[in-house]
Amino acid sequence: MEAAAGWRCRPGGRLDMSHGFVRHIRRNQIARDAYERAVRQARGRARGRLTPTPTRPRRPDQQVYRPRRPGAAGGPGGDANPGPPAADTRGPRLFCLEYEGDDGHVTAVIVHQGDSAEEVTRRVCARSPLEPALRRALCQRVQDELSKRRGTG
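As a starting point, this report considers the structure included with it. (Residues numbered from 1 in each chain as written. Predicted model: local features only at pLDDT ≥ 70, side-chain atom pairs only at ≥ 80, totals over all residues. Heavy atoms only, no water.)

## Focus on a negative patch on the surface
Next, step 1: A cluster of acidic residues, Glu-100, Asp-102, Asp-103 and Glu-131, forms a negative patch at the surface.
Next, step 2: For Asp-103, the position within the fold is in the loop between strand E1 (93–100) and strand E2 (106–112). (Patch = residues over 30% accessible without salt bridge, like charges linked within 9 Å, V, L, I, M, F, W, Y side chains within 5 Å. Areas by Shrake-Rupley, 256 points an atom, 1.4 Å probe, with all protein chains shown as cover. Salt bridge = Lys/Arg side-chain N within 4 Å of Asp/Glu carboxyl O. Lys, Arg positive; Asp, Glu negative; His and termini not counted. Charge placed at Lys NZ, Arg CZ, Asp CG, Glu CD. Helix = DSSP H or I, 4+ residues; strand = E, 2+ residues; numbered from the N terminus.)

## A short note on the nonpolar core
One recurring pattern in soluble globular proteins: nonpolar side chains tend to sit buried together.
Next, step 1: Core analysis: the largest hydrophobic core is formed by 13 residues, its most contacted members being Leu-97, Val-111, Val-120, Val-124, Leu-138, Val-142 and Leu-146.
Next, step 2: Of all elements in the fold, only E1, E2, helix H2 (117–127) and helix H3 (132–150) reach the threshold of two or more residues within this core.
Next, step 3: Sequence-distant contacts of Leu-146, defined by excluding residues within four places in its chain, comprise Leu-94, Phe-95, Val-111, His-112, Asp-115, Ser-116 and Ala-117. (Core = buried A, V, L, I, M, F, W, Y, C linked by side-chain atoms within 4.5 Å. Buried < 20%, exposed > 50% of the residue type's maximum accessible area, 1.4 Å probe, protein only. Contact = heavy atoms within 4.5 Å.)

## What to know about the pairing of E1
The side chains of a regular strand alternate between both faces of the sheet.
Next, step 1: Here 7 bridges tie E1 to E2, and the two strands are oriented antiparallel to one another. By the bridge assignment, Glu-100 is partnered in E2 with Val-106.
Next, step 2: Here E1 folds back onto E2, and the loop between the two strands holds 5 residues, one of which, Gly-104, carries a positive phi near 90 degrees. (Pairing = 2+ DSSP bridges.)

## Observations concerning the pattern of salt bridges
Next, step 1: Summed over the entire model, instances satisfying the criterion amount to 4 salt bridges.
Next, step 2: One salt bridge in this structure joins Glu-145 and Lys-148, with 3.1 Å as the shortest N-O distance. Of the two residues, Glu-145 and Lys-148 are both situated in helix H3; the distance of 3 residues between them amounts to about one turn of the helix.
Next, step 3: In this structure Glu-145 comes out as buried when scored by relative accessible area, which is 12%.
Next, step 4: Three or more residues joined by partner-sharing salt bridges are found here, namely Arg-141, Glu-145, Lys-148 and Arg-149.

## A word on H3
Next, step 1: Given a rise of 1.5 Å per residue, 19 residues ought to cover 27 Å, and the 27 Å separating the end C-alpha atoms of H3 matches this to within 8%.
Next, step 2: For H3, the set of buried residues is Leu-138, Cys-139, Val-142, Glu-145, Leu-146 and Ser-147.
Next, step 3: Buried residues along H3 sit in contact with E1, E2 and H2.
Next, step 4: Gly-151 sits one or two residues past H3 and shows a positive phi near 85 degrees. (Expected span 1.5 Å × (residues − 1).)

## A look at the packing of H2 against H3
A packed helix pair is summarised by two numbers, namely the angle formed by the two axes and the spacing between the axes.
Next, step 1: It is at 9 Å that the axes of H2 and H3 come closest, and there the two elements cross at 130 degrees. For the element pair H2 / H3, the angle class is oblique. Helix-helix and strand crossings are classified by hand; for H2 and H3 the assignment is right-handed. Along its contact with H2, which presents Ala-117, Glu-118, Val-120, Thr-121, Val-124 and Cys-125, the element H3 presents Arg-135, Leu-138, Cys-139, Val-142, Gln-143 and Leu-146.
Next, step 2: Considered class by class, the residues forming the contact of H2 with H3 number 8 nonpolar, 2 polar and 2 charged. (Axes fitted to C-alpha atoms, helices over the stretch in contact; angles between N-to-C directions. Parallel < 35°, antiparallel > 145°, perpendicular 65-115°, else oblique. Left-handed = near helix turned anticlockwise from the far one by under 90°. Nonpolar A, V, L, I, M, F, W, Y, C, P; charged D, E, K, R; others polar.)

Rendered as structure tokens:
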């Protein structure tokens, strides 16, 4: 059994604690114990409040939908004029035209079935003035879109 002569063993089969690898393991164990102790103390400090806070709702108050009552004119939730909206006289909606000007301002106009291209162009120009060349180009584009959606194009 002379093969063990190169090995550094202690009598009784115990590990040699002076070995570098074992010292690293022991240092890691001590550091982990110190960290766990600090975390446990911090958690204990955070948990131990003298005055508990009142419970708060997790979400802010949500808006509640309240449907209109039929025949209620005026007041909250009712219309002052109980007739059909003015948009129904021009027919159903076809599309919403959005025009972005050079300043970045977006003008949105809803185009209905009965609208003409000139009328839509006038409504856009009332909100954001256009040069005559741009006005003609817009009128032509609106005319094309109207004919596509009406099925005449």
